Amino acid sequence: MNNTNKFLIIDTDPGVDDALSLAMLSNILKNNDDNIIFSSIGGNTSLRNTHRNLINILSALEISYKHLLKGADSTLLGEKFTDAEHYHGKEGLTLKLNNSNLRTHNLETYEYIHEIYNSQKNAKIKLLMLGPLTNLAKTLISFPEISSIIDEVIIMGGAFFTEGNATKYAEFNIYADAESASIVFNSKLNIRVVGLDVCNDLIIDKIKFYNNEYSFLKSDTKSSQFSKNIINSFFEYHTNKNAMALCDPIATICLIEKNLFSYKNCSVKVIAEGDKIGQTIPLNNNNNTNIQIAHKINGTEIWNLIDQLFIE
Ligand code: RIB
Ligand code: CA
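Remember, it's a predicted structure, so these values are computed and weren't measured experimentally.

Procedures and definitions
Residues numbered from 1 in each chain as written. Chains lettered and ligands numbered in written order. Predicted model: local features only at pLDDT ≥ 70, side-chain atom pairs only at ≥ 80, totals over all residues. Heavy atoms only, no water. Pairing = 2+ DSSP bridges. Helix = DSSP H or I, 4+ residues; strand = E, 2+ residues; numbered from the N terminus. Buried < 20%, exposed > 50% of the residue type's maximum accessible area, 1.4 Å probe, protein only. Lys, Arg positive; Asp, Glu negative; His and termini not counted. Salt bridge = Lys/Arg side-chain N within 4 Å of Asp/Glu carboxyl O. Polar contact = N/O pair within 3.5 Å; in protein donor to acceptor, adjacent residues only side chain to side chain. 1 Å grid on protein atoms, 1.4 Å probe; cavity = no way out; pocket = protein on both sides within 12 Å on 5 of 7 lines; lining within 4 Å. Points joined across faces, edges and corners; volume = space filled by probe spheres on them. Nonpolar A, V, L, I, M, F, W, Y, C, P; charged D, E, K, R; others polar. Core = buried A, V, L, I, M, F, W, Y, C linked by side-chain atoms within 4.5 Å. Contact = heavy atoms within 4.5 Å. Near = heavy atom within 4 Å. Areas by Shrake-Rupley, 256 points an atom, 1.4 Å probe, with all protein chains shown as cover. Sits in = over half its atoms within 2 Å of the grid points. Axes fitted to C-alpha atoms, helices over the stretch in contact; angles between N-to-C directions.

A. Seen up close, the pairing of strand β4 (residues 124–129). Here strand β1 (residues 6–12) runs beside β4; their pairing, made up of six bridges, is parallel. Counted as the bridge partner of lysine 6 is lysine 124 from β4. Bridge analysis of β4 against strand β5 (residues 150–156) gives five bridges, and the strand direction is parallel. Its bridge partner being in β5, leucine 128 is matched across the sheet by isoleucine 154.

B. Seen up close, the side chain of aspartate 197. For aspartate 197, the position within the fold is in helix α8 (residues 196–199). It is lysine 264 that comes nearest to the buried, bridge-free aspartate 197 among opposite-charge side chains, at 9.7 Å. Among the polar contacts listed, one links the side chain of aspartate 197 to the backbone nitrogen of phenylalanine 161, at a separation of 2.5 Å. Within the structure, aspartate 197 has its side chain in polar contact with the backbone nitrogen of threonine 162 (distance 3.3 Å).

C. Layout of empty space enclosed by the protein. For the coordinates displayed, the defined rule picks out two cavities of 30 Å³ or more. Of the volumes computed, that of the largest cavity is approximately 60 Å³. Leu20, Met24, Phe216, Leu246, Pro249, Ile306 and Phe310 together form the lining of the largest cavity. Taken together, the residues of the lining of the largest cavity sort by class into seven nonpolar, no polar and no charged.

D. Structural detail: the nonpolar core. Formed by 60 residues in total, the largest nonpolar core has its most connected members in Ile10, Phe38, Met244 and Phe261. Residues contacting phenylalanine 261, with those up to four places away along its chain left out, are Val194, Ile250, Ile253, Cys254, Ala294, Lys296, Ile297 and Ile302. Counting residues in hydrophobic clusters, the runner-up holds 38 residues, among them Ala123, Leu136, Phe160 and Ile291.

E. Quick peek at the pairing of strand β10 (residues 267–270). Residues Val268 and Val270 point to one face of β10 and are all buried, whereas Ser267 and Lys269, pointing to the other face, are not buried. Of the strand pairs in this sheet, β10 and strand β11 (residues 280–283) are connected by four bridges, and their pairing is antiparallel. When the sheet's bridge partners are listed, lysine 269 is paired in β11 with isoleucine 281.

F. The arrangement of the pattern of salt bridges in detail. Applying the stated criterion across every chain yields a total of five salt bridges. Of the charged contacts in the structure, one is a salt bridge between glutamate 152 and lysine 126, with a shortest N-O distance of 3.5 Å. In this pair, glutamate 152 is assigned in strand β5 and lysine 126 in strand β4, connecting sequence segments 26 residues apart. For arginine 192, the salt bridge goes to glutamate 152, with nearest N and O atoms at 2.4 Å.

G. Looking closely at helix α11 (residues 247–256). Counted residue by residue, α11 has nine buried out of ten residues, so it is predominantly covered. Among all positions in α11, only Cys247, Asp248, Pro249, Ile250, Ala251, Thr252, Ile253, Cys254 and Leu255 are buried.

H. Just the site of ligand 1, in detail. What surrounds ligand 1 is a group of 13 residues, the closest being Asp17, Asp18, Asn165, Glu171 and Asp248. Within the contact set of ligand 1, an oxygen atom lies 2.8 Å away from a side-chain nitrogen or oxygen of asparagine 165. In this structure, an oxygen atom belonging to ligand 1 sits 2.6 Å away from a side-chain N or O atom of aspartate 248. In isolation ligand 1 exposes 280 Å². Once the protein is present, 95% of that is buried. In this structure, ligand 1 is accommodated by the largest pocket.

I. How the structure looks around helix α7 (residues 178–185). For α7, the tally of buried residues reaches seven of eight residues, placing the bulk of the element in the interior. All buried positions along α7 are accounted for by Ala178, Ser180, Ala181, Ser182, Ile183, Val184 and Phe185. Next to the buried residues of α7 lie α5 (134–142), β5, α6 (172–176), β6 (191–194), β10 and β12 (291–297).

J. Representation of the sheet that holds β5 within the structure. If you trace the eight strands from one edge of the open sheet to the other, you get β3-β2-β1-β4-β5-β6-β12-β9, paired in mixed fashion. Pairing within the sheet leaves two strands with one partner each, and these edge strands are β3 (67–69) and β9 (261–265). For this sheet, the mean inter-axis angle between neighbouring strands, taken without regard to orientation, is 20°. Most of the contacts of helix α4 (residues 109–119) go to β1, to which it runs at about 175°, and overall it touches β1, β2 (35–40), β3 and β4.

Right, here's the structure in full:
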């Protein structure tokens, strides 16, 4: 039982790459004394599906945690989330998992974070955001005072110096709830953001995968076998794809080892309406902003770290 005042909240919309992130985290979390909290969000598919997928993934990987939270089922403006089922598969995963029953906390994510603030003023929260930023924006809007206990936010999102993947302007997580992204990037929270600028540099190559060239998939650990099944199901689902993106796993590496990335200190403007909705524009590259945009990665070192993370 953890009695630390430190919380790690992993906010996710599983999603095949979210699933790989959770597999990557499963071993390292065993040695982490923080209060581990998982939170679902709509995005890649409906909240109903992402929450069920999160439960089934946590169960399949036998991940221990303090609480499982259900997040927002619509965007901050109350709109239905768009989805990316064309990529992640119907209901959000290309792999069929056994259905599990894990208890969901009775508070929604934004309410739970406020509960931490009310009960532990000296709490320190680190957030890993792997989907739309709705839950964090809803918390900041509803309870601005919680900023004082948020230590750091690592975000997978944005396309700052490259084209988007939802539209040519916008990356999916930002596009899915641009209003929330604008609120988060305009906050004064300490943010490290991993966008498509670096995600395109690290992928799973189909030929290398079927030639069994990825060391992290050769372990007999649960996380390694789970990951192999997810990747195989992805390539079986997408017969025309030769690569699988690792956006969320790269953002997760940024949580674990931030020094494997180079950053640009910029403010960020998010376009929240019109044809370019979801576009993330880096402004005034100076050293006194609270936002660090990852713009280069040490690919070799990241692969070495990934290999280590899958050995129990
Ligand atoms: O653009 C990539 C992001 O959108 C990833 O988080 C993926 O899971 C989807 O949510
Ligand atoms: Ca995601």
